[in-house]
Amino acid sequence: MTGRLFRAAPALILTAVVLFMAGCEQSGPWRKTEPVSAEQREAQRLAQSGDYAAAAALYESAAATAAGDHRVSLLLAAARHYILAREPGAAESVLKRTPRPSSADLATEYRIVDAELKLARNEPQAAIGALGGVPSAGTATALRQRYYRVLADATGLLRQKVREADARARLAELLTDPSERYANQQRLLRSLGSFTESE
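Residues numbered from 1 in each chain as written. Predicted model: local features only at pLDDT ≥ 70, side-chain atom pairs only at ≥ 80, totals over all residues. Heavy atoms only, no water.

1. Overview of the overall build of the chain
A count of helical and extended segments in the chain gives 10 helices and zero strands. Taking all 199 residues of the chain together, 45% fall into the buried category. A sequence separation of at least 24 residues applies to 59% of the contacts in the chain between residues at least 6 apart. (Helix = DSSP H or I, 4+ residues; strand = E, 2+ residues; numbered from the N terminus. Buried < 20%, exposed > 50% of the residue type's maximum accessible area, 1.4 Å probe, protein only. Contact = heavy atoms within 4.5 Å.)

2. A short note on the environment of Leu58
Along the chain, Leu58 falls in helix H3 (residues 52-63). The class of Leu58 is partly exposed, set by a relative accessible area of 22%. Placed 14 residues apart in sequence, Leu58 and Gln44 show a C-alpha to C-alpha distance of 9.3 Å.

3. Quick look at the nonpolar core
Counting residues in each nonpolar core, the largest one holds 28 residues, and the members touching the most others are Tyr59, Leu74, Leu76, Val94 and Leu95. Looking at this core, the elements with two or more residues in it are helix H2 (38-48), H3, helix H4 (68-84), helix H5 (88-96) and helix H6 (104-120). Take this core: its biggest share by element is 10 residues, from H4. Residues Ile112, Leu119, Ala127 and Tyr147 belong to the second largest nonpolar core, which totals 18 residues. (Core = buried A, V, L, I, M, F, W, Y, C linked by side-chain atoms within 4.5 Å.)

4. Some remarks on helix H7 (residues 124-131)
Taken together, the buried positions of H7 are occupied by Pro124, Ala127, Ile128, Ala130 and Leu131. Taken down its axis, H7 places every buried residue within 160 degrees of arc, on the same side. On the buried face of H7, the contacting elements are H6, helix H8 (141-157) and helix H9 (161-172). Among the residues trailing H7, Gly132 stands out with phi positive, at a value near 75 degrees. (Arc of directions from axis to C-beta.)

5. Focus on H5
Within H5 the residues assigned to the buried category are Ala91, Val94 and Leu95. Here the buried residues of H5 occupy an arc of 100 degrees about the axis, which is enough to place them on one side. Packing partners of the buried residues in H5 comprise H3, H4 and H6.

6. Examining the packing of H6 against H7
One way to put it is that H6 packs onto H7 with a least axis distance of 8 Å and a crossing angle of 180 degrees. Taken together, the axis directions place H6 and H7 in an arrangement best described as roughly antiparallel. Of the residues in H7, those touching H6 at Arg111, Ile112, Asp114, Ala115, Lys118 and Leu119 are Pro124, Ala126, Ala127, Ala130 and Leu131. Taken together, the residues of the contact of H6 with H7 break down into eight nonpolar, no polar and three charged. (Axes fitted to C-alpha atoms, helices over the stretch in contact; angles between N-to-C directions. Parallel < 35°, antiparallel > 145°, perpendicular 65-115°, else oblique. Nonpolar A, V, L, I, M, F, W, Y, C, P; charged D, E, K, R; others polar.)

7. Observations regarding the pattern of salt bridges
On inspection of all chains with the given rule, the structure shows 13 salt bridges. Note that Lys161 is salt-bridged to Glu164, the shortest N-O span being 3.5 Å. Taken as a pair, Lys161 and Glu164 lie in helix H9 at a separation of three residues, close to a single helical turn. The exposure classification of Lys161 matches that of Glu164, with both residues buried. The shortest N-O distance in the salt bridge between Arg168 and Glu164 comes to 3.2 Å. In this pair, Arg168 and Glu164 are both assigned in helix H9, four residues apart and thus about one turn of the helix distant. No difference in accessibility class separates Arg168 from Glu164, as the two residues are buried. (Salt bridge = Lys/Arg side-chain N within 4 Å of Asp/Glu carboxyl O.)

Spelled out as structure tokens, the structure:
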């Protein structure tokens, strides 16, 4: 039984990452101060309809004519949507071409996207390493949610149940949607239950 679970792990992890990212952030760059082009609006529409690969390609196209942190934001959106499209190779290619951002929030998002990619590839230890330090209280809430979700999923895969429970508890403090809060609560209870059973 355990062997079958480990063999199935990569597909299960990628599915979990995709479901979470789709629920949290389908509409592209979260920075409200950036101009929104016709390409970006179409990419958002495609993402909302579930065509993540096409949305990712449009974000890449929009990034080609952008500059600075706006370009970085668009490339990160492309990488995220390639992960949603279950195309980790394309996501990695985009991430490698993404310049290091100058703003603190975009630097945090870069690390989170890198961690999400590693988690989708069943590399939980590498995902934790990519996350870096805990985001400050002033970091965008959406980014802090994603940080703790990746941390919780990665530590759960490593069977570090205490760390997973702590990450899920911190995530609970940031969630406002009732369905998301309930789902996170259930995963926290399952984590605590499996920890108790292993004692």
